[in-house]
Amino acid sequence: MHPTSPTTEASNWTTPHPSTFILLGIPGLEAAHVWISNPFCSVYLLSLLGNGLLLAVIKTEPSLHEPMYLFLSMLALADLVISTTTLPKALCIFWFSEWAIHTSSCLAQIFLIHSLATMESGFMLAMAFDRYIAICDPLRHSAILTNQTIAKIGVGVVMRGAVLLGPHPFLLKWLPYCRTHVISHTYCEFMALVKLACADTTVMRAYGLLVAFLTGGLDFILVVLSYILILQAVFNLPSKDARHKSLSTCGSHICIMLVFYIPAFFSFLSQRFGHMAPHVHILIANMYILFPPMMNPIIYGVRTPRIRQRVLHVLGIKPS
């Protein structure tokens, strides 16, 4: 056990520009931290295994070098990074009471979490666009989504996340934290630090809302519109088998989008406008970070025959 407590470390704080912040984990559930760490650790290991296996399968199987699977591999890579950015530190809090996090590490964590979440949203929009072209204009699919176009979309999504979220750590770094440097969370979060500042943060809050709308909000609207058009096209297909195949493929995408966007929006809105118990908000925020990286490879592994067969082959299991 760590020799000091978060309260002791907080009492030693005297500067508005601290060199470290204190992450409390899940306030109110400190006695259950060790038990809570078990599902956290299990989900993290499943995320590493699932996404790592998915990336290996897509890389080594030439028949999977198609736009849908290439965008999926980008999503899997983002999932690996975002879960690794948050989970090891959370487990250190639960297991070893390592509450302190250096300010630079805290700001880097904020940038990575929010920029990667933005990138994940962008990759999902790219996947929806791929399905739209594949179903609504199949004859031009390969001509529109060439490897060069896919690379440009991938770079564009990464640059959008990096550029729009890049100012966050620099803006937060120069804020005075004269109230406290204790963060009631398992990881550093933009709004959590903004709420600790003893300065006018109206512009920063407005910028955060604007970025959230220009990325997650706008992406979600475009994804919904894409699937409305896709479903209209699917139900106009003459063949029942074609309709079933198209709906099955779209079903995987829709499941992944729901798994990502529902916890994301709930966490975002509750942090800014909601009034709920801190431990409830923190658990929801962690679900938003933990759940999609674990579920994405499972959904695609189960629902996509080519990935499922290849995974079974890699694991040495003969499909029944």
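Right above here is the structure, for reference.
This one's a predicted model, so the numbers in the text were calculated from it and none came from an experiment.

*Asks:* Just checking my understanding: could you explain unusual backbone geometry for this structure?
*Replies:* As a rule of thumb, non-glycine residues mostly have phi less than zero, and peptide bonds are mostly trans rather than cis. Despite not being glycine, serine 97 has its phi angle at roughly 55°, a positive value. Among the structural elements, serine 97 can be located in the loop between helix 3 (67-96) and strand 2 (100-102).

*Asks:* What am I meant to see in the packing of aromatic side chains here?
*Replies:* Centre distance and the angle of the planes are the two values used to describe a pair of aromatic rings. If you walk through the whole model with that rule in mind, you get 6 aromatic pairs. Between phenylalanine 40 and phenylalanine 94, the ring centres sit 5.3 Å apart and the planes meet at 90°, which makes this aromatic pair edge-to-face. Note that phenylalanine 40 is positioned in helix 2 (residues 33-60) and phenylalanine 94 in helix 3, a separation of 54 residues in sequence. Comparing phenylalanine 40 with phenylalanine 94 shows no difference in burial state: the two are buried. Every member of this aromatic cluster is reached through a ring pair, and the members are Phe220, Phe260, Tyr261 and Tyr288. In this arrangement the basic side chain of lysine 173 is found over the ring face of tryptophan 174, its NZ or CZ atom lying 5.8 Å from the centre.

*Asks:* Could you clarify how one ought to interpret the state of the cysteines in this entry?
*Replies:* Here is the idea: a disulfide is a covalent bond, and it sits between the sulfur atoms of two cysteines. Scanning the model with the defined rule gives 2 disulfides in all. The disulfide bridge from cysteine 106 ends at cysteine 188, spanning 2.0 Å between sulfur atoms. Here the S-S torsion is close to -120°, and the disulfide linking cysteine 106 with cysteine 188 is therefore left-handed. With cysteine 106 in helix 4 (residues 103-136) and cysteine 188 in the loop between strand 3 (182-183) and helix 8 (190-196), this residue pair connects regions lying 82 residues apart in the sequence.

*Asks:* Which parts of the structure should I look at to understand the side chain of serine 121?
*Replies:* Within the fold, serine 121 resides in helix 4. On the basis of relative accessibility, which here comes to 2%, the residue serine 121 falls in the buried class.

*Asks:* How do you make sense of the packing of helix 2 against helix 3 when you look at a structure like this?
*Replies:* Each pair of packed helices gets described by two things: the angle between the helix axes and the distance between those axes. Running from amino to carboxyl end, helix 2 crosses helix 3 at an angle of 155°, the nearest separation of the two axes being 9 Å. The pairing of helix 2 with helix 3 is recorded here as roughly antiparallel in orientation. Of the two possible hands of crossing, helix 2 and helix 3 adopt the one that is left-handed. A breakdown of the residues in the contact of helix 2 with helix 3 according to their chemical character gives 19 nonpolar, 8 polar and 1 charged.

Reading guide: rules and limits
- Residues numbered from 1 in each chain as written.
- Predicted model: local features only at pLDDT ≥ 70, side-chain atom pairs only at ≥ 80, totals over all residues.
- Heavy atoms only, no water.
- Helix = DSSP H or I, 4+ residues; strand = E, 2+ residues; numbered from the N terminus.
- Phe/Tyr/Trp six-rings, centres within 6.5 Å; stacked < 30°, edge-to-face > 60°.
- Buried < 20%, exposed > 50% of the residue type's maximum accessible area, 1.4 Å probe, protein only.
- Lys NZ or Arg CZ within 6 Å of the ring centre and 35° of its normal.
- Disulfide = S-S within 2.5 Å.
- Axes fitted to C-alpha atoms, helices over the stretch in contact; angles between N-to-C directions.
- Parallel < 35°, antiparallel > 145°, perpendicular 65-115°, else oblique.
- Left-handed = near helix turned anticlockwise from the far one by under 90°.
- Nonpolar A, V, L, I, M, F, W, Y, C, P; charged D, E, K, R; others polar.

Coordinates in, geometry out; function isn't part of it.
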